[in-house]
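Residues per chain, in single letters:
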Amino acid sequence: MALDIHLTALDGAPLPSATVMLLRDAPAGLEVLMMRRHGDSAELGGVYVFPGGKLDPTDLGAAAQHLDREAEHLRAELAEPDTPVDTAVGLYLAALRETLEECGVLPGAQLDAAGLAAMRHRLAEGRSLMDALAAQGLRAPTASLVPWSRWITPRLASVTRKRFDTRFFVARAPADQDAQHDDHEATEAVWLTPHEALQRYWDGAIDLAPPQIMSLSQLARHTQVDGLLEAARQAGPALVQPEPHDHEGVRVICYPGDARHSVREPVWDGPTRLLHRNGRFEPEGGLAALLP
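This text gives an overview of the structure that appears in the document.

The rules we used
Throughout this description, residue numbers start from 1 for each chain and increase along the sequence as written. Only residues with pLDDT of at least 70 are given local features in this predicted model, and only at 80 or more are side-chain atom pairs given and counted; all residues enter the totals for whole chains, interfaces and linings. By convention in this description, side-chain values take in all heavy atoms of the structure and omit both hydrogens and water. Strands here are runs of E lasting at least two residues and helices are runs of H or I lasting at least four, both read from the DSSP assignment and numbered beginning at the N terminus. Our radius of gyration looks at C-alpha atoms and nothing else; its globule reference is 2.2 Å times the residue count to the power 0.38. Only protein chains enter the accessibility calculation, which uses a 1.4 Å probe; a residue whose area is less than 20% of its type maximum is buried, one above 50% is exposed, and one in between is partly exposed. In this description, contact between two residues means that some pair of their heavy atoms is separated by no more than 4.5 Å. Each accessible area is a Shrake-Rupley estimate made with a 1.4 Å probe; only the visible protein chains count as cover when residues are assessed. Lys and Arg are tallied as positive, Asp and Glu as negative. Neither His nor the chain termini are counted. The location of each charge is read from NZ of Lys, CZ of Arg, CG of Asp or CD of Glu. By the convention used here, strands pair only if DSSP detects at least 2 bridges between them. Fitting a line to C-alpha atoms yields each axis, with helices limited to the stretch in contact; the angle taken between N-to-C directions then spans 0 to 180 degrees. Among buried residues, the Ala, Val, Leu, Ile, Met, Phe, Trp, Tyr and Cys ones that are joined through side-chain atoms within 4.5 Å form a nonpolar core. The pocket and cavity definitions rest on a 1 Å grid over protein atoms only: a 1.4 Å probe that fits but cannot leave marks a cavity, an open set with protein on both sides within 12 Å along at least five of seven lines marks a pocket, and residues lining either have an atom within 4 Å of a point. Grid points are joined across faces, edges and corners, and a volume is the space filled by probe spheres set on the points. Each residue receives one of three labels: charged for Asp, Glu, Lys and Arg, nonpolar for Ala, Val, Leu, Ile, Met, Phe, Trp, Tyr, Cys and Pro, and polar for the others, Gly being one of them. Between Lys or Arg on one side and Asp or Glu on the other, a salt bridge is scored when a side-chain nitrogen of the former is within 4 Å of a carboxyl oxygen of the latter. Think of it this way: a Phe, Tyr or Trp ring, Trp meaning its six-membered ring, pairs with another when their centres are within 6.5 Å, and the plane angle makes it stacked under 30 degrees, edge-to-face over 60, tilted otherwise. We call a charge positioned above a ring when the Lys NZ or Arg CZ atom is no farther than 6 Å from the ring centre and deviates by at most 35 degrees from the ring normal.

Before going further, it helps to examine the overall build of the protein. Summing up its helical and strand segments, the protein has 8 helices and 12 strands in all. For 292 residues, the compact-globule estimate of 2.2 N^0.38 gives 19 Å, and the protein sits close to it at 18 Å. Dimensions of the protein, computed from the C-alpha atoms along their principal axes, are close to 60 × 40 × 35 Å. Within the protein, the proportion of its 292 residues that are buried is 52%. The contacts of the protein with a sequence gap of at least 6 include a subset with a gap of at least 24, amounting to 67%. Total accessible area on the protein stands at roughly 13000 Å², and carbon and sulfur atoms take up 48% of it. In the protein, 27 positive and 41 negative side-chain charges are present, and the distance between their average locations comes to 3 Å.

Judged by pairing direction, the sheet is antiparallel, and its 4 strands sit side by side in the order β9-β10-β11-β12 without closing on themselves. Because the sheet does not close on itself, it has two edges, and the strands there are β9 (243–247) and β12 (280–282). Going across the sheet, the axis of each strand differs from the next one's by a mean of 25°, ignoring polarity. In this structure, β9 lies alongside strand β10 (residues 250–254), joined through 5 bridges in antiparallel fashion. Residue pairing in the sheet places H245 in a bridge with V252 of β10. Each of β10, β11 (273–277) and β12 is contacted by helix α6 (residues 210–219), which is oriented at about 130° to β11, the strand it contacts most.

Membership of the largest hydrophobic core comes to 41 residues, with the highest contact counts inside it found for M34, V170, L208, I213 and L216. The residues contacting V170, other than those within four sequence positions of it, are M21, L23, S144, L145, V146, W148, L228, L229 and A232. Judged by nonpolar contacts, the second largest core, of 37 residues, contains A109, M130, A140 and F169.

Reported here for the second largest pocket is a volume of approximately 310 Å³. Around the second largest pocket, the lining is made up of 19 residues, and of these W148, Q218, A238, V267 and W268 lie nearest the centre. Where the lining of the second largest pocket is concerned, the elements lending two or more residues are β5 (146–152), α6, α7 (225–235) and β8 (238–240). It is β5 that provides the largest number of residues to the lining of the second largest pocket, a total of 4 residues. Looking at the lining of the second largest pocket residue by residue, the class counts come to 12 nonpolar, 5 polar and 2 charged.

Further remarks concern the pattern of salt bridges. Under the criterion given, the structure shown has 21 salt bridges. Note that D131 is salt-bridged to R127, the shortest N-O span being 3.1 Å. By relative accessible area, which is 37% here, R127 ends up partly exposed. Linked by salt bridges that have partners in common, D59, R97, E98 and E101 make up one network.

Right, let's talk about the packing of aromatic side chains for a bit. Applying the stated criterion across every chain yields a total of 6 aromatic pairs. For the pair W151 and Y255, a centre-to-centre distance of 5.6 Å together with 70° between the ring planes defines the contact as edge-to-face. Placement of the pair is W151 in strand β5 and Y255 in the loop between β10 and β11, with a sequence separation of 104 residues. Residue class for W151 comes out buried when judged on its relative accessible area of 6%. For Y255, a relative accessible area of 0% gives the class buried. Summarising the aromatic geometry, the rings of Y255 and W268 are spaced 5.5 Å apart at their centres and angled 55° between planes, so their arrangement reads as tilted. With a gap of 13 residues between them, Y255 in the loop between β10 and β11 and W268 in the loop between β10 and β11 connect regions that are remote in the sequence. Connected via pairs of aromatic rings, a cluster forms that spans F50, W151, F168, Y255 and W268. Over the ring of Y201 we find R280, and its NZ or CZ is 5.8 Å from the ring centre. For R280, the ring lying beneath its charged end belongs to W202, and the centroid distance is 4.1 Å.

Further remarks concern the pairing of strand β6 (residues 164–172). Most of β6 sits out of view: 8 of its 9 residues are buried. Taken together, the 9 bridges between strand β1 (residues 15–26) and β6 define a ladder with parallel strand orientation. Bridging across to β6, M21 finds its partner in V170. Pairing between β5 and β6: 6 bridges, direction antiparallel. Looking at the pairing, S149 lines up with F168 of β6.

The following block contains the structure:
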């Protein structure tokens, strides 16, 4: 399924959002959980993404006793001094909530299947994550999340009809929790090595959007979860503000470090632009450019 390119610029501020790249060590190497969005989804229907979604009002206003770390520490870890503390905390909670809702996994928590199901039921009733955690006698396990990047959709959005300000986190998946899609927002949950995910994309077996393509390219440069998490802590989250333009009828998305991008310092190794051709986004140099 080819992704349609949008030609009209979007108005309005980007919506605060959070997503989690759940990781595990496997015989083939580091694997990441990917969810296939429902084909009827308003945004990116049928595309493989990481669990996540928009900041919800219920994610705001968490009391200190419900958190495993101080609120100011969370904002500092995000490296966003201009973001209100409550919003910074809410982004961590949104990341945990969305992951629990969409695939039944809560990073950093020791819960059996019954406890996870009870929490998902409370969330489905419209309760907050804080309420669901309190019922299990738990604090929000924010320490399980490590900020990885921050993606801000430009006004000339290529594949979405809304703008998002999304914080990407990385987290180790609990070994005793099984990821299961919810059959509502997602219709499949699959563990893949980053290399395998990109190969499947290149072979036309799955669809990926640009943030997932570039994120997988960076994950592919790591072989173990511990090493990746430590690298993320040391580097801090990368700010990614794509700058798209059209050249001879082809949409080109440039990233920091590209000659056409306003930020000349690259934030990652590998390609700094994607071109929409053959019904998908490709780097100059093909699949090999995305892999270490």
